[in-house]
Amino acid sequence: MEEANNDAPIVPVPPPWKLKGTIYVLTFWASKVSAAKGKGSGKHQRQHGLPTIAYSPLEASSSFADPAASGEYLGGLSQIQIIRYTEGPVGPYDELIICPGYWAFEKKDDKGKMKKMKNLRVPRIYVSQKYTCWNGRANWNIPKHLARFEWDESAEGKTSVRVYPHDTARASGNNYGTFPGSSPGEKPFFQATFQPMRWAPSFPLSFSWMKYVGIDASLVQPPLPDGRQSNNSQIGEELIGTSRWCKILPELSTRKAVLGWMDMSQSQHDQDSGDDDDDAAGSSRNTSDAEYANFWPGMRRWNMAFKMENADIVFGEGQHWDPS
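The numbers attached to residues start from 1 for each chain and follow its sequence in the written order. Given that this is a predicted model, residues contribute local features only at a pLDDT of at least 70 and side-chain atom pairs are listed and counted only at 80 or more, while totals for whole chains, interfaces and linings are drawn from all residues. Derived side-chain values reflect all non-hydrogen atoms in the structure, with water molecules and hydrogen atoms excluded from consideration.

Take the overall build of the protein chain next. Under the DSSP-based scheme used, a helix requires at least four consecutive residues in state H or I and a strand at least two consecutive residues in state E, with every element numbered from the N terminus. Of regular secondary structure, the protein chain possesses three helices and 17 strands. Expressed as a percentage of the 324 residues in the protein chain, the buried residues total 52%. In this description, contact between two residues means that some pair of their heavy atoms is separated by no more than 4.5 Å. A sequence separation of at least 24 residues applies to 73% of the contacts in the protein chain between residues at least 6 apart. Only protein chains enter the accessibility calculation, which uses a 1.4 Å probe; a residue whose area is less than 20% of its type maximum is buried, one above 50% is exposed, and one in between is partly exposed.

By the criterion of burial, helix α3 (residues 130-140) is predominantly enclosed, with 10 of the 11 residues buried. Among the residues of α3, those classed as buried are Lys130, Tyr131, Thr132, Cys133, Trp134, Asn135, Gly136, Arg137, Asn139 and Trp140. Within two residues after α3, Asn141 carries a phi angle of roughly 60°, on the positive side.

Right, let's talk about the pattern of salt bridges for a bit. The term salt bridge refers to a pairing of a side-chain nitrogen on Lys or Arg with a carboxyl oxygen on Asp or Glu at a separation within 4 Å. Overall, the coordinates contain 14 salt bridges when judged by the stated rule. Between Lys144 and Glu95 there is a salt bridge whose closest N-O contact spans 3.4 Å. Pair noted here: Lys144 is in strand β9 (residues 144-153) and Glu95 is in strand β5 (residues 93-99), with a separation of 49 residues, a long-range link. Of the charged contacts, one joins Asp322 and Arg244 as a salt bridge, the two residues approaching to 3.0 Å between their closest N and O atoms. One end of the pair, Asp322, is in the segment after β17 (319-321); the other, Arg244, is in the loop between β13 (219-221) and β14 (245-248), and 78 residues separate them in sequence. Exposure remark for Arg244: the relative accessible area of 35% places this residue in the partly exposed category. A single salt-bridge network, built from bridges that share partners, covers Arg148, Glu150, Asp152 and Arg162.

Here the bond from Pro15 into Pro16 is cis, since omega is 10°, no more than 30 degrees from zero. Mapped onto the fold, Pro16 is located in the segment before β1 (17-31). Backbone geometry places Asn141, a non-glycine residue, at a positive phi of 60°. Assignment of secondary structure puts Asn141 in the loop between α3 and β9. Phi angles above zero are rare outside glycine, and Phe295 is one such case at about 75°. Residue position: Phe295 is located in the loop between β15 (251-263) and β16 (302-315).

Now for the confidence of the model for the protein chain. Summary of the metric used: pLDDT quantifies the predictor's per-residue confidence within the range 0 to 100. With 81% of its residues at a pLDDT of 70 or more, the protein chain has an overall mean of 87. Contacts of residues 34-43 to residues separated by more than four positions or lying in other chains number 12 contacts, the stretch itself having pLDDT below 50. Low pLDDT, under 50, characterises residues 170-178; the predicted model gives this stretch 16 contacts beyond four residues in sequence or across chains.

Where burial is concerned, the two faces of strand β8 (residues 124-127) agree: the one with Arg124 and Tyr126 and the one with Ile125 and Val127 are both buried. Bridge analysis of β5 against β8 gives four bridges, and the strand direction is antiparallel. Paired with Glu95 across the bridge in β8 is Val127. Paired strands, in this sense, are two strands between which DSSP finds at least two bridges.

Glancing now at the packing of aromatic side chains. Between the rings of Phe, Tyr and Trp (Trp by its six-membered ring), a pair exists once the centres lie within 6.5 Å; its type follows the angle of the planes, with under 30 degrees stacked, over 60 edge-to-face, and the other angles tilted. Enumeration according to the criterion identifies 13 aromatic pairs in this entry. Seen in terms of ring centroids, Tyr24 and Trp151 are 6.3 Å apart; in terms of plane orientation they differ by 35°. Their pairing is tilted. You can see Tyr24 sitting in strand β1 and its partner Trp151 sitting in strand β9, a full 127 residues away along the chain. For the pair formed by Tyr24 and Trp151, the shared burial category is buried.

The subject of this paragraph is the environment of Gly298. Locating Gly298 in the fold gives a position in the loop between β15 and β16. Along the primary structure Gly298 and Ala30 are separated by 268 residues, whereas in three dimensions their C-alpha atoms are 8.6 Å apart.

Here, patches come from residues exposed beyond 30% relative accessible area and free of salt bridges, joined within 9 Å for like charges and within 5 Å for nonpolar side chains (Val, Leu, Ile, Met, Phe, Trp, Tyr). Note that accessible areas follow from Shrake-Rupley with a 1.4 Å probe, and for residues the cover is restricted to the protein chains shown. On the surface, a cluster of nonpolar side chains totalling about 400 Å² of accessible area is made up of Trp209, Tyr212 and Val213. Relative to the helices and strands, Tyr212 resides in the loop between β12 (203-206) and β13.

Note that Ser218 resides in the loop between β12 and β13. Classification of Ser218 as buried rests on a relative accessible area of 6%. The sequence separation of Ser218 and Glu251 amounts to 33 residues, and the corresponding C-alpha distance is 9.6 Å. Here Ser218 is in contact with Asn119, Leu120, Lys247, Ile248 and Leu249, once residues within four sequence places are set aside. A distance of 2.8 Å separates polar atoms of two side chains, one belonging to Ser218 and the other to Asp216. Here a polar contact is recorded for every N or O atom pair within 3.5 Å, except that within protein the pair must consist of a potential hydrogen donor and a potential acceptor, and residues adjacent in sequence are included only if both atoms are side-chain atoms.

This is how it looks when you write it as structure tokens:
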């Protein structure tokens, strides 16, 4: 899907948003990793129990990633979602969502008393056009950033994607820059291939069913930092900041979901079919900017996943409140 970052001005598009698209979902378990157990320097540094890839550079250097302001990371049931939106209020676009589990935080109840809570959170997300980037940040505190998406479809039904963010281009001193660039990086930050299971029947699926097994799929997002640059209104214009918390329950459903395998190797997928579980991504075959061989620490190369075809996606009105 082509990027839609043209010269048309960004305009607010309030919720609800009703969209359609194809969703690839990988579910996994993320455990909290103590920063003390990190490897110190280099690519495998941890930030508050999370690998550094959990946050975009802008959010990583803000209160969004600070446990004192935004809550403690707990881990737990997690997902990576790759979505190709075909219809929606801001047009078609592609999206990569990283949701590595739960965060604990405090919120005032109806009586004004602080109550301890926990909810899922999306700390990092990339999209292929600026209109959804600005509105996703403004409407629901979703920390969207721009990226270029490359897709390959094979005759065997495989789908491959590579994601090239604007905010991971190398700056001087070989460090990641805090501010976004005007163009994507040269190497992908993320790549994956979905291969459907042969002979497996399709089935209906709705994320609303999660409540019946005791899972609250609501996202609770802290306020976002503002990444707009005053000296150049065209660079980072989509990175609006927010000042209030937001809770939102996304609705995802389809009449046709199919099971498959997700190849999470961050090396060239066509060179071998082995199971590389080494966390280090230093292979000579590595073609990405990945910190880990299979993107996330401890993740295996091959993982069961599912594809939701012609899915209905709804983002409603969020619940907002001021920081305590």
